Structures are given as structure tokens and as C-alpha cells.
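Descriptive analysis of the structure
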Amino acid sequence: MATINSTVISGSHAIPALEPLLSGKRQLLLVTDANIVRLDAVAQIRSLLANDGRQVTLIDNVPAEPGHHDVSTLVKRVADLNVEMVIGIGGGSVLDVAKLLSVLCHPASPTLDAMLAGEKPLHRVTSVLIPATAGTGSEATPNAILAIPEQNTKVGIISPVLLPDYVALLPELTTSMPAHIASSTGIDALCHLIECFTATIANPISDNAALIGLQKLLKNIEASVNEPNNLLAKLEMLWASYYGGVAINHAGTHLVHALSYPLGGRYHLPHGVANAILLAPCMKVVRPHAVNKFAQVWDLLPDADRTLSAEEKSFALVEYFSALVKRLNLPDNLATLGVPSTDLSALADAALNVKRLMNNAPCQVSHDDVKAIYQTLFPELITKGVNHE
């Protein structure tokens, strides 16, 4: 758990509000990717950064799943610059790399290898994080995730020093997101919020953040996907994602994320898609252990029937999650994504090995329980009643 001291700027047409943050800074590092850098809003930000003779070094090739070699290469590229501020604009991967570079550009910081080995950073240069998707909440977490290809795994560097000085939630940056990206990242944010709200280590701070985020998300996720130029819905989704990051900071995810990790690592399924597929099946398992909390979330739905009992509301919420994924045109089974049903046991083994997240779940699940969740995602197994060992 870390205290978030970031200053947040938000709103449509708020790009000029970034100007005062740059006072006294001469050497800036802008981190983004090849898609985001082409956006009109990013062009406006780049122009603002370069005002008054400021020097802006651009990194626009952050890969979708950055590894430690990628970051090491970037560190060498900027080693001779006296970087005073790092600005990250993009999705979770870009923001994670920007957070790491804000530390690694400070002369008193440990090397990347030392941080991967467990040494904690104590310093960073000034950082500004600007999310271009509404899902990861990376701008509000002290985590940076890197792939370690040699070990076919990912490692998280976690330190409160990674939290940025400033966050800017600018809805214009998210209007060009394709519908399937807006949907999957939105469901990722939903998973963050509902999992943190029901985690074993949930607390008043994380609960408050989760409920605020859920209220915003449930009212706006479909409008943000179906009306890409609806700046209010886009802004509310950015806030929902931000509150998801805050909730992670003070609690943590559990079952959905634990089961999605093997799907990303082994089959390279997009994180939000894997979460979307798993949301309803996992929440069905969680439901009996979180009836009252599920009922609270149900009451946040704009058209919720509040005359239902808490038990009825909890069942209805699970059905809502299932229907929402379908309405957003996201996949609801693994067979269509090329995952073989013969891998059920291996998937269950891998998910159970994510002990940090499994320990957060409000219920204990066995190998058979996890395998049964995965099995519901293969229509042919449901039809045939097959149980792969």
C-alpha cells in the first residue's frame, strides 16, 4: 500500500493546463507508442511541451508487452541527457515504461537489473502520466510490469516512488480507440474495481475508491464504446479506470486476474479480452461469499430493481456481467480464440501458482474448482459433459 500524492488534471480541452507543470524544466522526455503519437491531441501536447525553447526527446516505439531488454535499450538512448521530466502518454505498457524511466533517469537510482533483483528506488525525476485508454489504471499504481522472455514470465517492480507527480485525464486522447479496445479496456477496469471491492484485504479506502469507480463505469461504459465522441462518457471512464488503480493500490485483484495471467502468458490473449471472458464465471464462484457487496454494486446500476433481496441482487449482478460482455461484442469462450480444451489442467496449475492474487480471493478454490471455471469457457465441453484431466 502506498499513499498517492499525485495532482490530477482532468477534463475536455484541458491540455493547456499542462503548461504550468513545465515551469523551470528544460529537458523533457516524451514516452509513447507508434499509434498514440499520431493522435491530434498528442500533437497539441508535443507543441506545448516544445514551447519556450524546451528540448523534447521523443520515444515512440514502446512495444505492447515491453521487456527488460526494451527498457535497457531506452535507458542507454537517453543516458547522456539531463532529463528533468518524463511524460508518458499511452496505455498501461507505455505508462509502466514511463514510470521506470522517471526513476532510471535520476542519477542516484539503482540500475534496472538491481531493481529487478529487489533493490527499491528512492528517487525519480518529475513525471506526468496521461492515459490514452480507460482500463489499466497504471497512472494510479506503484507497479511497473516487464516481460522476462528468457523465463517466459513477467515481473513487477513495485515502489511508491513510481507513482507520478501529475496525472492528466484528457478524454480527447481516447476518442479514437477502436470499439473492441474501448470495450476490453473498460472491462479490465471493471475487473479491477469488483475484485478489489471483494478482496480479502479490502478496506474502507479501497471500498470507497471501488464504489466511486463502479458508479462511474456502470453508467458510462456502453456509451463510451458506442458513442466514441461522447467526451463526458470518455472522461467518466478515465476516472473509473483511475479509481480502479487507486483500489489496486490499497487492496488488490484476485480470481479473474489470476486465471487470466496464464491465458496472456501462454496464448498471448489481450489482457482485457481474457478478463472479459473470465468475469462472469469467476464472479459466479465469488458471489456466495460476497452477497452483500454484490448487492451494493447492483444498486449502482442506473435501472437496477432495488426491490430485490440482497441474494437476488447478487445473482442478478452476475447475469448482468455476462450480458454486458455480450453487448460489448467481446468473446465469451476460449474455443474461438484457439485455446485447446486439452490444456485445462495446465491452465489450472498456472492460475493456482499466482498465489499473491489467489490469496486475495474471498473464497478458497481447488484445482478442480479452477478447472471447472475454465471448462465453462469451452461450449463443446458443456454440451458433451466432458471433463479433461
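An account of the accompanying structure is given in this report. Here the structure is a predicted model, which means the values were calculated and not measured. (Residues numbered from 1 in each chain as written. Predicted model: local features only at pLDDT ≥ 70, side-chain atom pairs only at ≥ 80, totals over all residues. Heavy atoms only, no water.)

**Examining the side chain of Thr32**
With respect to the helices and strands, Thr32 occurs in the loop between β2 (27-31) and α1 (40-49). Within the structure, Thr32 has its side chain in polar contact with the backbone oxygen of Ile89 (distance 2.8 Å). With sequence-adjacent residues up to four places away left out, Thr32 is seen in contact with Val37, Leu58, Ile59, Asp60, Asn61, Val62, Ile89 and Val94. (Helix = DSSP H or I, 4+ residues; strand = E, 2+ residues; numbered from the N terminus. Polar contact = N/O pair within 3.5 Å; in protein donor to acceptor, adjacent residues only side chain to side chain. Contact = heavy atoms within 4.5 Å.)

**Here's the deal with the packing of aromatic side chains**
Counted by the stated rule, this structure contains four aromatic pairs. Among the aromatic residues, those joined into a cluster by ring pairs are Trp239, Tyr242 and Tyr243. When the ring centre of Phe315 is taken as reference, the NZ or CZ atom of Arg287 above it lies at 3.7 Å. The positively charged end of Lys293 is found above the aromatic ring belonging to Phe197, 4.5 Å away from the centroid. (Phe/Tyr/Trp six-rings, centres within 6.5 Å; stacked < 30°, edge-to-face > 60°. Lys NZ or Arg CZ within 6 Å of the ring centre and 35° of its normal.)

**Observations regarding the sheet that holds strand β5 (residues 126-131)**
Within the open sheet, the six strands sit side by side as β1-β8-β5-β4-β2-β3. Their pairing is parallel. Edge positions in the open sheet fall to β1 (7-10) and β3 (55-59), since each of these has one partner strand only. In this sheet, adjacent strand axes meet at a mean angle of 20° when their direction is disregarded. Pairing between β1 and strand β8 (residues 166-169): four bridges, direction parallel. Following the sheet pairing, Ile9 is matched in β8 by Ala168. Across the sheet, helix α3 (residues 92-104) lies against β2, β3, β4 (85-90) and β5, angled at about 170° from β4, the strand it touches most. Strands β1, β5 and β8 of the sheet are contacted by helix α7 (residues 231-250), whose axis makes an angle of about 145° with β8. (Pairing = 2+ DSSP bridges. Axes fitted to C-alpha atoms, helices over the stretch in contact; angles between N-to-C directions.)

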